[in-house]
Amino acid sequence: LIGGGHAHAYVLKNFGMNPMPGVQVTLITRDVDTPYSGMLPGHIAGHYTRAECHIDLVRLGNFAKARIIHGEACGIDPMEKTITIRGRPSIAYDVLSINIGSSPQLSSAPVGSGEGDKPMSALEKSIKEAHKKLSDDQMRDQVTPVKPIDKFSARWNQILERAYKLATTVSPDGSTGVRVRMCVVGGGAGGVELALAMQVRLRNEYEKRGASGDLVEMTLVGRGKTMMPAHNPMVQQIFERVARSRNITLVLGMEAVRVVDGNVELKDGSVVECDECVWCTNAGAQAWLGDTGLSLDANGFVKVRETLESVNCDDVFAVGDICTIENHPRPKAGVFAVRGGPPLARNLRAKMLGTTLEKWVPQTEFLGIIGTGDPRECVASRGALGLEGAWLWDLKDWIDRTWMAGYTTRLPRMESAIEEPTAIASASGPEALAVLAHASMRCGGCGAKVGATVLSNVMKRLRAEVPMADAVKNQILVGLDSPDDCAVVAPDPKGRASVHTVDFFRSFIKDPYTFGKIAANHALSDCHAMCAEATTALAIAVVPFGMEAKVEETLFQMMAGACEVLAASGCSLVGGHTCEGSELALGFVINGLVSWPDGGLAKGGMKKGQSIILTKSIGTGTIFAADMRGLAQGGWVVAALESMCQSNKDAALILRDHGATSCTDVTGFGLLGHLVEMAQAAKTRVELSLDAVPTLAGALELVEQGIFSSLQPANIRLKRALENEKESLSHPTYPLIFDPQTSGGLLASVPTDKVTACLLQLREAGFPNAAVIGQVASEGEESGAVFCSSPSFPAK
């Protein structure tokens, strides 16, 4: 599925409600929140919050057990059956559907031709120039296209911010507020509804700030001689009356030909002066479709049969604004995308099963309920009839909220099937039953690690009960007896010690490419924390059983992501091993070199008086525990993945250059677990400022709801190192210091006089949340102890 439009939202829900075993659904989407077009004018007018009118595609995708690829498709090869995605390898498909909406129609060049084939129109040149100025000076934005809707929604927030400033500016005569001139180009239903909604919202915002709403001036420019030419005269008259009653300037029968210095120039040479121009004319198709080989209509839209399948490429479907149904052209309206969802889902299933596709012909007439920005005035339009009344807004509001709820609040909860315990488990007692009760929701990533207590006990037994080879004992500088994550072996002839580390875990996301990047980053991080140069890597990959081509594609995507990360660190993949298993998993043995001890960092170098720096926010454990249950917002998941894909290499070198004497990466044992390791190794007592610990968006909300990683209970055993656990329990960040991290940040002790410069350089290097979270309080007697501080409870 390319694009997260209305029809694809239905397909995802449909496959979540009725899965097809053996089918992997993949959604490629540029944005993780997709707006519902029917509620956008209400959002603009201030009647809906952003969350109320956006579908969280990550949550919906999880419900469908779909693979979510957060990226932008920019090409299709129907012959090779591959999709090109900007910034990552192409992926293969068996059946493809396109639901990407439309884009602003800024060019008069024929579809598929390059800019060099035909000169740009004057309008295109002026708008392109306007967008160039947009990037140079945000206060001189000139043109905002309504399509694609998701980008307009974000741009509207910038328009509001500018309006807020103008509303509170004192004018030369001493009054509050400065005039803002808005212009909407496009006299169809979309342009009219937006103009009315924008005027209502901006007037309200001005008046809230003590300025006159009359300072908001709205102009509507339309090529037709009447407003809303596609609707009947009764509806046209209603909206003309409403517009004039609200002092909206109507410029009808005039075509906009160019934008000059922020003003709209009309065909007769006259100019509409404005501060903000919103473009709401007929939209066009994305230009890259012209290079796909798909049959397109004169405007660049994908030509499909009544089955929604491409007229010339089997296995490729299109729906919504981006398609034209052969012999049944329809306006580009959201209603057709919404109603196209069910027949699309049925035909995608039929295509995969090899059965007959069904035909669907969209209706020629439909009921349109059009808002005016004011709930007291709403209009219904169908055929030759028009109707107005406040009750119509109530009806529209109910219809829209009900539709949205079907994709958000009323989605069934994601609960794993609970099997009855066996007789043996029942006979084994409550501990066995408790383990089985939580087995279905075990976390992946570092949340799947074996707990520290179990690991410690095993290592003690190995030393006591199993013969261990000691032939190179004298050459091991850092080994099993140290808390560090890399082994260090005595120097080579050139004086550098070799470094060895291993990491492996099963996937916690369905995108193998992103998982590969995270797994490689995580494995390299142990080397980076020591400031060692990673040189070679051996991979251990587990791929779920399937058809050979599918296994190959999954393995390629995963290793492509991993190899990109390894290459960026100068680490060569020299071999490995693959096998089939029940779940996708990946790990690496990383080998490196370090000048030891002067050129590297270990955990045991903390010194009294140093500051403790953390380079990344924490919270990945709880976020992906919630993601497994469909309870994490898509934006939270994306932000966490971006953090996990960030290498720690540069951060480690910056910390070393600013005098760091100890360092480790924060991973499965959580912030407290790794801080205690460092304190014990250095025989120090440390103070941790809970207020200063940076957290990922959503992490605090989720732990407040009681959502934790499955490794959290094992990590909580480390609370014995806390001197003031009782006071700390009430702090909102307290649960997160036990949260297991996957590809987390670095934890280091740095001389206090170098902290400011160190943090500045870390932030410039792309670590905006790097922070001082504590200090090394003392050395000696209270080694390994941690005292949590906060203004909310007494200091010690």
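Note on numbering: residues in each chain are counted from 1, in written sequence order. Thresholds applied to this predicted model are a pLDDT of at least 70 for local features of residues and 80 or more for the giving and counting of side-chain atom pairs; totals over whole chains, interfaces and linings are not thresholded and use all residues. In computing side-chain values, all of the structure's heavy atoms are included and hydrogens and water are not.

Draft legend 1. Expanded view of the overall build of the chain. Summing up its helical and strand segments, the chain has 22 helices and 36 strands in all. For the exposure calls, accessible area comes from a 1.4 Å probe over protein chains only, and a residue counts as buried if that area is under 20% of its type's maximum, exposed if over 50%, partly exposed in between. Out of the 796 residues in the chain, the part that is buried amounts to 52%. Here the chain displays about 35500 Å² of accessible surface, and carbon together with sulfur accounts for 54% of that area. A run of H or I in DSSP becomes a helix once it reaches four residues, and a run of E becomes a strand once it reaches two; helices and strands are each numbered from the N terminus. All accessibility values rest on the Shrake-Rupley procedure with a 1.4 Å probe; residue burial counts only the protein chains present in the view.

Draft legend 2. How the structure looks around the environment of Gln237. With respect to the secondary-structure elements, Gln237 resides in helix α7 (residues 233-245). Classification of Gln237 as exposed rests on a relative accessible area of 57%. Residues Gln237 and Thr226, spaced eleven residues apart in sequence, show a C-alpha to C-alpha distance of 8.9 Å.

Draft legend 3. Inspection of the packing of helix α13 (residues 512-529) against helix α14 (residues 548-568) at higher detail. With axes taken as lines fitted to C-alpha atoms, and helix axes fitted only over the stretch in contact, angles between N-to-C directions fall between 0 and 180 degrees. As a packed pair, α13 and α14 sit with axes 7 Å apart at the nearest point and diverge in direction by 40 degrees. By the angle between their directions, the pair α13 and α14 is classed as oblique. At the point where α13 passes α14, the crossing takes the right-handed sense. Note on element contacts: α14 touches α13 through Thr554, Gln557, Met558, Ala560, Gly561, Ala562, Glu564, Val565 and Leu566, opposite Pro512, Tyr513, Phe515, Gly516, Lys517, Ala520, Asn521 and Leu524. Each residue is assigned to one class: nonpolar for Ala, Val, Leu, Ile, Met, Phe, Trp, Tyr, Cys and Pro, charged for Asp, Glu, Lys and Arg, and polar for all the others, Gly among them. Here the contact of α13 with α14 is composed, by residue class, of ten nonpolar, five polar and two charged. For classification, angles of less than 35 degrees are called roughly parallel, those exceeding 145 degrees roughly antiparallel, those between 65 and 115 degrees roughly perpendicular, and all remaining angles oblique. Crossing handedness is read from the near helix: turned anticlockwise from the far helix by less than a right angle, it gives a left-handed crossing, and turned clockwise, a right-handed one. Contacts between residues were defined by any pair of non-hydrogen atoms, one from each residue, lying within 4.5 Å.

Draft legend 4. Representation of the sheet that holds strand β17 (residues 276-279). Pairing is parallel in the open sheet, where five strands are placed in the order β10-β17-β11-β12-β13. Two strands lie at the open edges of the sheet, namely β10 (143-145) and β13 (249-252), each paired on one side alone. Ignoring which end each strand starts from, the neighbouring axes of this sheet average 20 degrees apart. Where strand β12 (residues 216-222) meets β13, four bridges bridge the pair, whose relative direction is parallel. Within the sheet, the bridge partner assigned to Leu220 lies in β13 and is Leu250. Sitting on the sheet, helix α6 (residues 189-208) touches β11 (180-185), β12 and β17, and the angle it makes with β12 is about 175 degrees. When DSSP finds two or more bridges between two strands, those strands count as paired.

Draft legend 5. Main features of the packing of aromatic side chains. Note on aromatic pairs: the rings of Phe, Tyr and Trp (six-membered ring only in Trp) are paired at centre separations within 6.5 Å, and the planes decide the class, stacked below 30 degrees, edge-to-face beyond 60, tilted for the rest. Applying the stated criterion across every chain yields a total of nine aromatic pairs. Measuring from centroid to centroid gives 4.7 Å for Trp403 and Tyr407, while their planes differ by 45 degrees, and the two rings are tilted. Pairing Phe508 with Phe624 gives two aromatic rings, centres 5.0 Å apart and planes at 70 degrees, and the pair type is edge-to-face. Here Phe624 lies in helix α15 (residues 620-628) and Phe508 lies in the loop between β27 (497-506) and α13, a separation of 116 residues in the sequence. In this structure Phe508 comes out as buried when scored by relative accessible area, which is 13%. These aromatic residues form a ring-pair network of at least three members: Phe505, Phe508, Phe515 and Phe624.

Draft legend 6. Region of the structure containing the pattern of salt bridges. Any carboxyl oxygen of Asp or Glu that lies within 4 Å of a side-chain nitrogen of Lys or Arg is treated as forming a salt bridge with it. Per the stated rule, a full pass over the model turns up 33 salt bridges. Notably, a salt bridge pairs Arg88 with Asp511, separated by 2.8 Å at the nearest N-O pair. With Arg88 in strand β7 (residues 88-92) and Asp511 in the loop between β27 and α13, this residue pair connects regions lying 423 residues apart in the sequence. Note on accessibility: Arg88 and Asp511 belong to one class, buried. Between Asp214 and Arg203 there is a salt bridge, with its nearest N and O atoms 3.8 Å apart.

Draft legend 7. α15, seen in detail. Here α15 lies mainly inside the structure; eight of its nine residues are buried. Thr620, Gly621, Thr622, Ile623, Phe624, Ala625, Ala626 and Asp627 are the residues of α15 that are buried. Gly630 sits one or two residues past α15 and shows a positive phi near 75 degrees.

Draft legend 8. Representation of the side chain of Arg155 within the structure. Here Arg155 is to be found in helix α5 (residues 149-168). Side chain to side chain, Arg155 and Thr144 meet in a polar contact 3.1 Å long. Polar contacts, as counted here, are pairs of nitrogen or oxygen atoms within 3.5 Å of one another; within protein the pair requires one atom able to donate a hydrogen and one able to accept it, and residues that are adjacent in sequence qualify only if both atoms are side-chain atoms.

Draft legend 9. Focus on the sheet that holds strand β6 (residues 82-85). Here we have three strands laid out as an open sheet, ordered β5-β6-β7, and antiparallel in their pairing. Only two strands of the sheet have a single neighbouring strand rather than two, namely β5 (73-77) and β7. Ignoring which end each strand starts from, the neighbouring axes of this sheet average 20 degrees apart. With four bridges joining them, β5 and β6 adopt antiparallel strand pairing. Bridge assignment links Gly75 to a residue of β6, and that residue is Thr84.

Draft legend 10. Geometry of the packing of helix α17 (residues 649-657) against helix α22 (residues 755-764). Where α17 meets α22, the closest approach of the two axes is 10 Å, and the angle between their N-to-C directions is 160 degrees. Taken as axis vectors, α17 and α22 run roughly antiparallel relative to one another. For the crossing formed where α17 meets α22, the hand is right-handed. Residue-level inspection shows Ala651, Ile654 and Leu655 of α17 in contact with α22, the latter providing Cys758, Gln761 and Leu762. A breakdown of the residues in the contact of α17 with α22 according to their chemical character gives five nonpolar, one polar and no charged.

Draft legend 11. Representation of unusual backbone geometry. Phi at Lys81 is positive, roughly 60 degrees, even though this residue is not glycine. Secondary-structure assignment places Lys81 in the loop between β5 and β6.

Draft legend 12. Molecular detail of the pairing of strand β31 (residues 611-614). Burial along β31 is two-sided: the residues Ser611 and Ile613 and Ile612 and Leu614 are all buried. Two elements, β31 and strand β34 (residues 746-750), share four bridges in a ladder whose sense is antiparallel. Residue pairing in the sheet places Ile613 in a bridge with Ala748 of β34.

Draft legend 13. Summary view of the state of the cysteines. We call a pair of cysteine sulfur atoms a disulfide when they lie within 2.5 Å. Tallying each qualifying case throughout the model produces zero disulfides. Cysteine Cys663 is unpaired, with the sulfur of Cys531 as its nearest cysteine sulfur at 6.4 Å.

Draft legend 14. Region of interest: the confidence of the model for the chain. For every residue, the predictor reports its confidence as pLDDT, a number between 0 and 100. Scored by pLDDT, the chain has a mean of 85; 84% of the residues are at 70 or more. Within the model, the stretch residues 106-120 combines pLDDT values under 50 with 17 contacts to residues more than four positions away or in other chains. Scored below 50 in pLDDT, residues 447-451 makes 17 contacts in the model with residues more than four places away or belonging to other chains.

Draft legend 15. Expanded view of the environment of Val170. Mapped onto the elements of the fold, Val170 is located in the loop between α5 and β11. Sequence separation between Val170 and Ala211 is 41 residues; the distance between their C-alpha atoms is 9.6 Å.

Draft legend 16. Structural detail: the side chain of Thr219. Relative to the assigned elements, Thr219 resides in strand β12. Excluding anything up to four places from it in sequence, Thr219 contacts Met182, Cys183, Val184, Thr249, Val251 and Val272.

Draft legend 17. Quick peek at α7. A helix is expected to span 1.5 Å multiplied by its residue count minus one. Counted at 1.5 Å a residue, the expected span for α7 with its 13 residues is 18 Å, and the 18 Å between its end C-alpha atoms agrees. Among all positions in α7, only Val235, Gln236, Ile238, Phe239, Val242 and Ala243 are buried. Seen along its axis, α7 keeps its buried residues to an arc of 165 degrees; they face one direction. The exposed residues of α7 that point more than 90 degrees off its buried face are Pro233, Gln237 and Ser245. On the buried face of α7, the contacting elements are α6, β13, β22 (368-371), β23 (378-382) and β24 (385-388). This arc describes the spread of directions from the helix axis toward the C-beta atoms.

Draft legend 18. Here's a closer look at the environment of Phe767. Tracing the sequence through the fold places Phe767 in the loop between α22 and β35 (771-779). Classification of Phe767 by relative accessible area gives buried; the value is 2%. Sequence separation between Phe767 and Leu614 is 153 residues; the distance between their C-alpha atoms is 9.9 Å. Contacts of Phe767, omitting those with residues within four sequence positions, involve Thr615, Lys616, Gln646, Ser647, Asn648, Ala651 and Leu762.

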